[in-house]
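Structural overview for review
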Amino acid sequence: ALETLGVSAFPQMEFWARAPTHRVRDEERFFVKQGSSAAHTYGKTLVAAEGMTSIGPQWEESIWRNLKPTFDQAACEGLNRLVWHTFTSSPKEAGLPGQEYFAGTHLNPNVTWWNKAGPFLTYINRSQFLLQQGVPVSDVLIYYGDNIPNFVQYKGADPAKVLPGYDYDAIDEYALTHRASVKGGRVVLPEGTSYQVLVLPGRPSISLDALRAVRKLVAGGAAVLGPRPERTTGIGDDNAVRSIANEIWPKVHTNLTARALLEARGVLPDFEGPADTDYVHRRAGATEIYFVRNARPEAVDAQVTLRVKGKAPELWHPDSGRIEDAPAYECTADGRTRLPIALEPNGSVFVVFRRAGTGSKPGAPAGTAATPQPVNGPWTVRFTPGWGAPAQATFDKLLSWSEHPDPGIRYYSGTARYSTRIDLPTAREWTLDLGEVREIAEVWLNGQPLGILWKKPFAVKLPSGARVGPNELEIEVVNLWPNRLIGDQLLPPEKQFTSTNITKFTANSPLMPSGLLGPVVLR
């Protein structure tokens, strides 16, 4: 498989979004590591994958709860070119939400959130741009043998017991024999990618060509780990295998994990952070690029240690495009860099090193925060005409549309605009925190657009022009298609609002929470 993928201009695999019953485990969802290994060992820049595939959900995948965390995990497996699954061509006469393929995360102009998808797609594009720079940085190269069938599994399968803190690639026989050499005790490839340790498969057989390549690497000073082979694969000269093995195996490490061998060689982890954080590392000339993700649905204040010496870390935020110096960092005695990173729920950030630095201390603490101000409403909510909801309703308190007594609102899918007045007591810096949102929100203050909020925390800083006293707040919220599709099952065909070839939803299907749920607070 690796040799076949290595022929491609860009190796392509696949990965799957979360689903309640189909491909639930990571080993059933992520197949990127094989494609990234092929790209890395054959000198390809792009690592493509079909995503975010699913079977079961229909218009139900949340961007912030499902799609972003799934993309981020695939990125840590080496992905840097998403091939979207699926953008369905649906003719206008098919209605809305229209014609869809039975599988895949639906993305076309018929999805409810199409007009607010820009920031999410920009996040993907910024991330992929940085992940296409330079060459990958991994410490372990695994020769996975020439048995058939053979497959490089997802990153967490960790066949050489490398993780956490180190990364690895797999290599096939052709690349091992034709592309690998030794420089400074490291296994190197022509593009400059290099590895500290070569791990051989835990089998008693190996091909003569692969073993001869291993002999050259060992003679050049490479660190090799694996069991002594006893015979050749297939029909061949077993005596020749044993002869070479007897020659080089005193220099080949056995009965160790790759991690233990790295530690014995004084190779410190490339990344250390809290549980449920992950990373991928690339090097572009003298610039080090780390992508760090939080796999938890809760925010985490992380302390991470990265294997970079003498450079100042910058935080590059792919959601906003903002670049800032790390608020503080320490050059450790072991030649690495430690810094704090505040990661949002399922959050991610790039840590980029491109300038010299010797460490810094945090600045002065911020002043005392004002008491949070609840925004209680009442809220005027305007719905898009033609989809069953009243043109306007008053919400004395926030609740999910799916819990509203009016069936037109309860089964509504689409966009609704909330408006209310907020009073700012002082001229300070204020952040508007929307609390829970299902699924995406866009905010205006006094008619000034403040942006689209598509992930947690659904919060935005108010502009300096916000007035002390009354201000007009408007929030557009868009939910997903299922509630309207479910509500239509209670109506005769001639009164239904939707049209689609998907027949999954029934009158008894559970409704999805929708709208602005709050609590909305000024901080």
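The structure contained in this document is the topic of the report that follows. Just so you know, these numbers come straight off a predicted model, no measurement behind them.

**Some remarks on the overall build of the protein**
The helix and strand inventory of the protein stands at 11 helices and 34 strands. In terms of overall dimensions, the protein has C-alpha extents of about 85 × 60 × 30 Å along its principal axes. Across the protein, contacts joining residues at least 24 apart in sequence account for 75% of those joining residues at least 6 apart. Counting every atom, the protein has about 22700 Å² of accessible surface; 51% of that belongs to carbon and sulfur. One way to put it: in the protein the 55 positive side-chain charges average out to a point 4 Å from where the 54 negative ones average out.

**Some remarks on helix H4 (residues 63-76)**
Its 14 residues place the ends of H4 18 Å apart at the C-alpha level, agreeing with the 20 Å of an ideal helix rising 1.5 Å per residue. Burial analysis of H4 places 13 of its 14 residues in the buried class, which makes it a mostly covered element. One side-chain oxygen of the residue at the start of H4 lies 3.4 Å from the amide nitrogen of Trp64, identifying that residue as Ser62. Backbone geometry just downstream of H4 places Gly78 in the positive-phi region, at approximately 115°.

**Some details on the sheet that holds strand E6 (residues 140-143)**
Here we have four strands laid out as an open sheet, ordered E7-E6-E11-E12, and parallel in their pairing. Two strands in the sheet have a free side with no partner beyond their single neighbour: strand E7 (168-171) and strand E12 (223-225). Direction aside, neighbouring strands of the sheet carry axes that sit 25° apart on average.

**Some details on the pattern of salt bridges**
Scanning the model with the defined rule gives 35 salt bridges in all. When the shortest N-O distance is used, the salt bridge between Asp167 and Lys33 registers 2.8 Å. Taken together, the residues span a long stretch of sequence, with Asp167 in the loop between E6 and E7 and Lys33 in helix H3 (residues 33-41) at a distance of 134 residues. Note on accessibility: Asp167 and Lys33 belong to one class, buried. Residues Glu324 and Arg322 are paired through a salt bridge, measuring 3.1 Å at the closest nitrogen-oxygen approach. Its relative accessible area of 28% is what places Glu324 among the partly exposed residues.

**A word on the sheet that holds strand E22 (residues 373-374)**
The sheet built from four strands is open, its strands ordered E22-E34-E26-E30 with antiparallel pairing. Looking at strand neighbours, the two that pair on one side only are E22 and strand E30 (459-461), the edges of this open sheet. As paired strands, E22 and strand E34 (residues 521-522) are joined by two bridges and run antiparallel to one another. Residue Gln373 lies in a different strand from E34, and its bridge partner there is Leu522.

**What about the packing of H4 against helix H5 (residues 118-131)?**
At a closest axis distance of 12 Å, the pairing of H4 and H5 adopts a crossing angle of 10°. Between H4 and H5, the angle is such that the two are roughly parallel. In contact with Ile63, Leu67, Lys68, Phe71, Asp72 and Ala75 of H4, H5 contributes Phe120, Tyr123, Ile124, Ser127, Gln128 and Leu131. A class-by-class count of the residues in the contact of H4 with H5 yields eight nonpolar, two polar and two charged.

**Considering the layout of surface pockets**
Estimates place the volume of the largest pocket at around 1400 Å³. Lining the largest pocket we find 49 residues, and of these Arg322, Glu344, Pro457, Ala459 and Lys461 sit closest to its centre. Counting only elements with at least two residues in the lining of the largest pocket, the list comes to H5, strand E16 (300-306), strand E20 (337-343), strand E21 (348-356), strand E26 (431-433), strand E29 (448-453) and E30. For the lining of the largest pocket, the per-class residue count stands at 27 nonpolar, eight polar and 14 charged. The volume enclosed by the second largest pocket comes to roughly 460 Å³.

Conventions used here
Along each chain, numbering runs from 1 in the same order as the chain's sequence is written. Under the rules for a predicted model, residues below a pLDDT of 70 receive no local features and side-chain atom pairs below 80 are neither given nor counted, while totals for whole chains, interfaces and linings still include all residues. In computing side-chain properties, one takes all heavy atoms of the structure into account and sets aside hydrogens as well as water. Starting at the N terminus, helices and strands are each numbered in turn, a helix being any DSSP run of H or I of at least four residues and a strand any DSSP run of E of at least two. For this analysis, residues touch if any pair of their heavy atoms sits within 4.5 Å. Residue exposure ignores everything except the shown protein chains as possible cover, and the areas themselves are Shrake-Rupley values with a 1.4 Å probe. Residues scored as positive are Lys and Arg, those scored as negative are Asp and Glu, and His as well as the terminal groups of each chain are ignored. Charge positions are represented by NZ for Lys, CZ for Arg, CG for Asp and CD for Glu. Helices are assigned an expected span. That span is 1.5 Å times one less than the residue count. Exposure categories follow from relative accessible area, calculated using a 1.4 Å probe and restricted to protein chains: below 20% of the type maximum is buried, above 50% is exposed, and the middle band is partly exposed. Identification of polar contacts relies on pairs of N or O atoms within 3.5 Å, with a donor-acceptor requirement for protein atoms, meaning one able to donate a hydrogen and the other able to accept it, and with residues adjacent in sequence counted only if both atoms are side-chain atoms. When DSSP locates at least two bridges between a pair of strands, those strands are taken to pair. Only C-alpha atoms enter the line fits that serve as axes; for helices the fit covers just the stretch in contact. Angles between N-to-C directions range over 0 to 180 degrees. Basic side-chain nitrogens of Lys or Arg form a salt bridge, by our definition, when they fall within 4 Å of a carboxyl oxygen of Asp or Glu. Should an angle lie under 35 degrees it is considered roughly parallel, over 145 roughly antiparallel, and from 65 to 115 roughly perpendicular; all remaining angles are considered oblique. Residues were grouped as follows: Ala, Val, Leu, Ile, Met, Phe, Trp, Tyr, Cys and Pro as nonpolar; Asp, Glu, Lys and Arg as charged; and all remaining residues, including Gly, as polar. Both cavities and pockets are sets of points on a 1 Å grid over the protein atoms alone; in a cavity a 1.4 Å probe fits but cannot get out, in a pocket the set is open with protein on both sides within 12 Å along at least five of seven lines, and lining residues sit with an atom within 4 Å of a point. Grid points are joined across faces, edges and corners, and a volume is the space filled by probe spheres set on the points.

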